[in-house]
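So the chains spell out like this:
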Amino acid sequence: MSERADIALGGAAYPILPGGYKRESVGRVPSALHRVEVTALETGLLRAAGSAGGWSGLAVGPGAQRLGVEPWPQSVSASDATIAAATPKPGYGVLPRAVIGDAAYFALGKNLYKFGAGSDASWSAATFVKDCTETISAVIAWKGMAIVGRGPFYDGYWYLPGTGALSTWRAGERVAHGVTSQGALHYTNDLPHYSTIPSQQEQLRIGVTRYDGTVWTDTRRVDSRIRQLLIHNGRVAILTNSSVQLLGGQEYQGTAANPVAYWVGDPQGGTTYGSNATAEDLTFAESFRGKLYTWLGGRIASWDGAQANAGWVYEGPEGTVCYGSCVAGGRLIVSLANRSGIVEVWATGGDGDWWRIGADSGAARLWPTNVAGCGGVDFVCFVPESGTLERYRIVARGSSRTAWSAAASWVSPLLDLGDRMTPKAWRRVEAEFANPDGRAWGYGALSVSLDYSIDAGKNWTQAATLTTAAAADRVWRLAADLPSGVLATTLQLRVRWADVTNWTPVLCGAAAEGLPMPAPGRRRRWQLHITCSDRAVNRAGGRLERTGKQLAADLWAAYDAGAVVQLIDVDDRDGDDPRDVRIIRLVEKAGKASDQWRWGETVLEVDVLEI
């Protein structure tokens, strides 16, 4: 532009009044101190962000009627000479097992074993029951006895706990896996992962007891290979490679006049997977609190068949391999290998809340097995290729047999004060504890610690710790002011319990305070007092080409339109560094109305912001 004054704005030259020029940087001003409180801790783990529940933890679960979380459950590692002799090797899926009477039976390889009775006051090692000569694929409770399946090549056995007798159940009948319903045995003679009997992969066999005590076989066909059989809401749930089908009904035993026995009822469609299940899918199936659970697509999935058009819902943890499950002590227990290869044990009460209760590192815990309460134990996990069992008590049985874990940890989600991108200067962390039941009998001190991390849990710094024995107080707070320089976008809190014996405080909530620190501004702002006059001169000493009224009108038009215009600043004499700006404030003043009419002479206060 050939015509120049102090500045050029929107293609026009403008003179600035003396003292009427101001240029400054524009930045976001830090806001007030913010506080985030983590509540609803009882909603479980796996909450990656937010202010409810936890992200991670170990041996921690809901406590004090879901007031918060506490160390849970109790676990003890112990050697077992009987198991050591069997040297169990890792394998996918569920260990063949069943509770018959008040004792838990299980199979390792070709041998049948049992744990002590549920009425036993103390725990005892597993005992050998029978050598079944071939690898056992199933142990099925049936009429107070056990059907021992030996896969697709060998006849199923019939074991009588009362006498210890072991004999062939029915000549020519192979039992790979199965379940009992209404007194009838529902089974398949094909293993889920092997094409052994192609013509019978989709066949459900039903052992129906005839009026004279003999057993006849009825059959049903389903859509694809049968992978799991279990009882779900009073019916037989048949999990195939393609779907879940439900079989209700009852057996007809026949009469002397009409001796044909059969099953009354046919499979009904439940839900489908959307595609064929792979070999890694459906490695377990459990019915728990009205839902059917299985392993599908590397995740735990549940199906609520009571709801119309309901399908599979993914919930809880995910991983690469599932090593079995059981229902014990009012919880569903699942063992799985996470994406890092560490085998973890998870538990849920069926309400969508999941808790990691075992195996942070070290030896794997596989094949959760209900032990019918023997010795005050609810379930065990096996450490493969060793003689070690991990025993878990998840239901308290008195002050001498509590369900508290000796040590535990809880980790909060990523806390960001509602803004995931802005760094914060973190100032304070807190954790609130309570003992509302007064469960403190003075059996020893325990300690609780509060830590924080600003790198998503890679490194932790202890903020506060407390060691206390059976104190009269029922409320405690751990709190600490953080040193200056704790600057990070997110913060995590960790609470640790140690040396828990006969009492423990419940973590009721956690909190953090921080000051959002916006990034420095990189824009500029100008506050200008511009003279608009017919008598204004340019830098060459002549009059400006536009009249005062035209100059003012151009500014108002740009302001009204919200237009982006170019500014050539006072120090840019050659116009090499124009700035794109928008007029954000405009005030026009005239000393005398006559001057405005005669000369177009006014002063405009103009605020301009770089965009």
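All figures in this text were calculated on a predicted structure; none of them were measured in a lab.

## Quick word on the overall build of the protein chain
Part 1: Along the protein chain, the regular secondary structure elements total three helices and 49 strands.
Part 2: In summary, the protein chain has a C-alpha radius of gyration of 38 Å against a globular reference of 25 Å for 611 residues, an excess of more than 25%.
Part 3: Viewed in the frame of its principal axes, the protein chain has a C-alpha envelope of about 125 × 60 × 35 Å.
Part 4: Within the span of the protein chain, comprising 611 residues, buried residues form 51% of the whole.
Part 5: If you take every contact in the protein chain between residues at least 6 apart in sequence, the share linking residues at least 24 apart comes to 60%.
Part 6: With an accessible surface of roughly 26,500 Å², the protein chain has 48% of that area assigned to carbon and sulfur atoms.
Part 7: Averaged over its 60 positive side-chain charges, the protein chain has a centre that lies 2 Å from the centre of its 61 negative ones.

## With respect to the confidence of the model for the protein chain
Part 1: Put simply, the protein chain has an average pLDDT of 89, and 93% of its residues get 70 or more.
Part 2: When pLDDT is averaged over each helix and strand of the protein chain, the minimum, 64, is found for helix α3 (residues 593-599) and the maximum, 98, for strand β38 (residues 408-411).

## Examining the environment of F288
Part 1: Tracing the backbone through its elements, the reader meets F288 in strand β27 (residues 285-288).
Part 2: Residues F288 and N233, spaced 55 residues apart in sequence, show a C-alpha to C-alpha distance of 9.1 Å.
Part 3: When neighbours within four sequence positions are excluded, F288 is seen to be in contact with Y293, V327, G330, R331, L332, T348, G349 and G350.

## Describing the sheet that holds strand β47 (residues 564-568)
The strands that make up a sheet pair up through hydrogen bonds in the backbone, lying either parallel or antiparallel.
Part 1: Strand order in the open sheet formed by seven strands is β2-β1-β47-β48-β49-β46-β3, with antiparallel pairing between adjacent strands. Where the open sheet ends on each side, the last strands, each with one partner, are β2 (12-14) and β3 (16-26). Geometrically, the sheet is characterised by an average inter-axis angle of 35° between neighbouring strands, direction not taken into account.
Part 2: Across the sheet, helix α2 (residues 548-561) lies against β1 (7-9), β2, β46 (523-532), β47, β48 (579-589) and β49 (602-610), angled at about 120° from β48, the strand it touches most.

## Looking at the pattern of salt bridges
Part 1: Scanning the entire structure with this criterion turns up 34 salt bridges.
Part 2: Two residues, D571 and R23, come together in a salt bridge whose shortest N-O distance is 3.2 Å. Taken together, the residues D571 in the loop between β47 and β48 and R23 in strand β3 connect sequence positions 548 residues apart.
Part 3: With its nearest N and O atoms 3.5 Å apart, the salt bridge here joins E344 to R356. Here R356 lies in strand β34 (residues 354-358) and E344 lies in strand β33 (residues 343-348), a separation of twelve residues in the sequence.

## Things to note about the nonpolar core
Part 1: Grouped together as the largest cluster of nonpolar side chains are 61 residues, with contacts concentrated most on F379, W410, W426, V429, F433, W497 and L507.
Part 2: Counting 25 residues, the second-largest nonpolar core is a separate cluster that includes A12, W526, L555 and L586.

## As for the sheet that holds strand β31 (residues 321-328)
Part 1: The four strands are arranged β31-β32-β33-β34 in an open sheet whose pairing can be described as antiparallel. Two strands close off the open sheet at either side, each with one partner strand: β31 and β34. Strand after strand, the sheet turns through a mean of 25° between neighbouring axes, direction not considered.
Part 2: Looking at chain direction, β33 and β34 are connected through four bridges and run antiparallel. Of the residues in β34, the one forming a bridge with V345 is G358.

## Some points on the layout of surface pockets
Part 1: Of the volumes computed, that of the second largest pocket is approximately 620 Å³.
Part 2: Lining the second largest pocket are 25 residues, and of these S56, N338, E344, W346 and R356 sit closest to its centre.
Part 3: Of all the secondary structure elements, the ones that give two or more residues to the lining of the second largest pocket are β5 (56-58), β30 (312-318), β33, β38 and β44 (492-498).
Part 4: Looking at the lining of the second largest pocket residue by residue, the classes come out as eleven nonpolar, six polar and eight charged.

## Quick look at the pairing of β33
Part 1: In terms of burial, β33 is largely enclosed, as six of its six residues are buried.
Part 2: In this sheet, β33 lies alongside strand β32 (residues 331-337) in antiparallel orientation, the contact comprising six bridges. Looking across to β33, one finds that V334 is bridged to W346.
Part 3: Between β32 and β33, which pair antiparallel one after the other, the connecting turn spans five residues, and G341 there sits at a positive phi close to 90°.

## Examining a nonpolar patch on the surface
Part 1: Together, W216, V260, Y262 and V264 line one region of the surface with nonpolar side chains, adding up to about 320 Å² of accessible area.
Part 2: When its relative accessible area of 30% is taken as the criterion, W216 is described as partly exposed.

## A short note on the state of the cysteines
Part 1: Enumeration according to the criterion identifies zero disulfides in this entry.
Part 2: Looking at the unpaired C326, the closest cysteine sulfur is the one in C381, lying at 7.2 Å.
Part 3: Judged by its relative accessible area of 2%, C326 falls in the buried class.

## Regarding the packing of aromatic side chains
When we look at a pair of aromatic rings, we describe it by the centre distance and by the angle of the planes.
Part 1: By the definition in use, this model includes 17 aromatic pairs.
Part 2: Cluster of aromatic residues (ring-pair linked, three or more members): F106, Y113, F115, W123, F128, W367 and F382.
Part 3: Residue placement shows R170 over the ring face of W169; its charged tip is 5.3 Å from the ring centre.

## Remarks on unusual backbone geometry
Part 1: Here the amide bond leading from W72 into P73 is cis, since omega sits at -5°, within 30 degrees of zero.
Part 2: Tracing the backbone through its elements, the reader meets P73 in the loop between β7 (68-71) and β8 (74-79).
Part 3: Residues other than glycine seldom take positive phi values, yet L282 does so here, at roughly 60°.
Part 4: Even without being a glycine, W367 presents a positive backbone phi close to 50°.
Part 5: If you trace the backbone, W367 turns up in strand β35 (residues 366-370).

## Things to note about the environment of L332
Part 1: Of note, L332 is situated in strand β32.
Part 2: Overall, the relative accessible area of 0% leaves L332 in the buried class.
Part 3: Along the backbone, L332 and A13 are 319 residues apart, and their C-alpha atoms lie at a distance of 78 Å.
Part 4: Beyond its immediate stretch of four places on either side in the chain, L332 contacts E286, F288, Y293, C326, V327, W346, A347, T348 and W354.

## Some points on the environment of D353
Part 1: Tracing the backbone shows D353 in the loop between β33 and β34.
Part 2: Along the primary structure D353 and A479 are separated by 126 residues, whereas in three dimensions their C-alpha atoms are 28 Å apart.
Part 3: Every residue in contact with D353, bar those within four places of it in the chain, is listed here: E42, T43, G44, R47, R66, A347 and T348.
Part 4: At 2.8 Å, the side chain of D353 forms a polar contact with the side chain of R66.

Rules and cut-offs
Residues numbered from 1 in each chain as written. Predicted model: local features only at pLDDT ≥ 70, side-chain atom pairs only at ≥ 80, totals over all residues. Heavy atoms only, no water. Helix = DSSP H or I, 4+ residues; strand = E, 2+ residues; numbered from the N terminus. Rg over C-alpha atoms; globule rule 2.2 N^0.38 Å. Buried < 20%, exposed > 50% of the residue type's maximum accessible area, 1.4 Å probe, protein only. Contact = heavy atoms within 4.5 Å. Areas by Shrake-Rupley, 256 points an atom, 1.4 Å probe, with all protein chains shown as cover. Lys, Arg positive; Asp, Glu negative; His and termini not counted. Charge placed at Lys NZ, Arg CZ, Asp CG, Glu CD. pLDDT = per-residue confidence, 0-100. Pairing = 2+ DSSP bridges. Axes fitted to C-alpha atoms, helices over the stretch in contact; angles between N-to-C directions. Salt bridge = Lys/Arg side-chain N within 4 Å of Asp/Glu carboxyl O. Core = buried A, V, L, I, M, F, W, Y, C linked by side-chain atoms within 4.5 Å. 1 Å grid on protein atoms, 1.4 Å probe; cavity = no way out; pocket = protein on both sides within 12 Å on 5 of 7 lines; lining within 4 Å. Points joined across faces, edges and corners; volume = space filled by probe spheres on them. Nonpolar A, V, L, I, M, F, W, Y, C, P; charged D, E, K, R; others polar. Patch = residues over 30% accessible without salt bridge, like charges linked within 9 Å, V, L, I, M, F, W, Y side chains within 5 Å. Disulfide = S-S within 2.5 Å. Phe/Tyr/Trp six-rings, centres within 6.5 Å; stacked < 30°, edge-to-face > 60°. Lys NZ or Arg CZ within 6 Å of the ring centre and 35° of its normal. Polar contact = N/O pair within 3.5 Å; in protein donor to acceptor, adjacent residues only side chain to side chain.

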